[in-house]
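Fold and contact review
One-letter residues, chain by chain:
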Amino acid sequence: MTRQWPAPAKLNLFLYITGRRADGYHWLQTLFQFLEYGDTLTITPTAAGRIRLLNPIAGVAEEDNLIVRAARLLQRHCWAADDPAAPGADIQLEKVLPMGGGLGGGSSDAATVLIALNTQWHCGLDVATLAQLGLTLGADVPVFVRGEAAFAEGIGERLTPAAPAEKWYLVAVPPVSIATPRIFGDPELRRDAPPRSLAQLMATPFHNDCEPIARKHFSAVEQHLSWLLEYAPSRLTGTGACVFAEFDTEAAARQVLSQAPAWMRGFVARGVNVSPLHRALSGAH
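Let us look at the structure shown here. (Residues numbered from 1 in each chain as written. Predicted model: local features only at pLDDT ≥ 70, side-chain atom pairs only at ≥ 80, totals over all residues. Heavy atoms only, no water.)

To continue, consider the packing of aromatic side chains. Overall, the coordinates contain eight aromatic pairs when judged by the stated rule. Between phenylalanine 14 and phenylalanine 151 the ring centres are 6.3 Å apart and the planes differ by 65°, which places this aromatic pair in the edge-to-face class. Of this pair, phenylalanine 14 sits in strand β1 (residues 3-20) while phenylalanine 151 sits in strand β5 (residues 150-153), and the two are 137 residues apart along the sequence. Judged by its relative accessible area of 4%, phenylalanine 151 is buried. (Phe/Tyr/Trp six-rings, centres within 6.5 Å; stacked < 30°, edge-to-face > 60°. Helix = DSSP H or I, 4+ residues; strand = E, 2+ residues; numbered from the N terminus. Buried < 20%, exposed > 50% of the residue type's maximum accessible area, 1.4 Å probe, protein only.)

For the rest of this paragraph, the subject is helix α2 (residues 105-120). Every α-helix winds through 3.6 residues per turn, so residues three or four apart in the chain are directed the same way. For α2, built from 16 residues, the straight-helix expectation of 22 Å at 1.5 Å per residue is met to within 8% by its first-to-last C-alpha distance of 22 Å. Within α2, 15 of the 16 residues are buried, which leaves it mostly tucked inside the rest of the structure. Looking one or two residues past α2, histidine 122 carries a phi angle of roughly 60°, positive in sign. (Expected span 1.5 Å × (residues − 1).)

Let us look at the environment of asparagine 208. Along the chain, asparagine 208 turns up in the loop between α6 (198-202) and α7 (211-217). Classification of asparagine 208 by relative accessible area gives buried; the value is 0%. With 19 residues separating them in the primary sequence, asparagine 208 and tryptophan 227 have C-alpha atoms 17 Å apart. Among all residues touching asparagine 208, those that are not within four sequence positions of it are Leu15, Leu236, Thr237 and Gly238. Within the structure, asparagine 208 has its side chain in polar contact with the backbone oxygen of leucine 236 (distance 3.0 Å). (Contact = heavy atoms within 4.5 Å. Polar contact = N/O pair within 3.5 Å; in protein donor to acceptor, adjacent residues only side chain to side chain.)

Of the two faces of β5, the one carrying Ala150 and Ala152 and the one carrying Phe151 and Glu153 are both buried. By the bridge criterion, three bridges tie strand β2 (residues 26-46) to β5 in an arrangement that is antiparallel. Counterpart to phenylalanine 32 in the pairing with β5 is alanine 150. Taken together, the four bridges between β5 and strand β6 (residues 158-161) define a ladder with antiparallel strand orientation. Considered in β6, the bridge of alanine 150 is made with proline 161. (Pairing = 2+ DSSP bridges.)

You can see histidine 278 is positioned in helix α10 (residues 276-282). Contact partners of histidine 278, with chain neighbours within four places excluded, come to Ile115, Val127, Phe144, Val145, Arg146 and Gly147.

With that out of the way, let us pick up the nonpolar core. Core analysis: the biggest nonpolar cluster contains 42 residues, and Leu74 and Ile91 have the highest contact counts within it. Sort the elements by how many residues they give to this core and α2 lands first, with seven residues. Not counting residues up to four positions away in its chain, the partners in contact with leucine 74 are Leu114, Leu117, Asn118, Trp121, Cys123, Leu125, Leu130 and Leu133. Listed in part, the 28 residues of the second largest apolar core include Ile17, Ile178, Phe184 and Ala253. (Core = buried A, V, L, I, M, F, W, Y, C linked by side-chain atoms within 4.5 Å.)

Shown next, in the form of structure tokens:
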């Protein structure tokens, strides 16, 4: 049976880098919240065992696509390689989240595939197992699999449920794609933020340690953020390129968006602490 599933965006409401490991990965503390906005995946289980992405993303090889990799990972976990009973899937992606935007689009797509096919293939795996599988695809995948706003530590894999205020956001999308290594590799990146408890961090004005580097290297990020800061508290999400301003009401966010200059592209969405994917999942049973 064909089903549609949401793959929501996320914001990093704050992001602090507390150190760097010998292997180059960074220790961090960040707060994830979902948006009621994102990609949509339409998934049809098949009997052939073949995983097909019906509308591949230009410039992304199939074996590198997180959607295909997630489906094959779950398939291998639940069935032997030569099992003729192994199911397949046809997957259609409606892509609205920008690549290299810091909104978690690829990770969210992968998590949605794991959750959706676990349901549609009747695998019966629990969320903790799916999150472990997701971690092998990327550090941000588990938070999307678990589906609740979370305080993340370590390299982003240690998650503690959190409940930040569910504000409205104007998210601006600069016309650039930022590769995470470009930010994390910069020698000027601050890497010595003091580790703090979630309670301490929630009581402090939010900040993103990656923001000065993104603003330095990408004039479009600097331009968009400077404009937003005239209207509301605004920050970079993740390593960018997207930036967001926070508002207490939808009307206030839309009012500012209506004044946006012609060079700014953006959208308004509500922050939510339970993922739209998990709300869809509860309706699938």
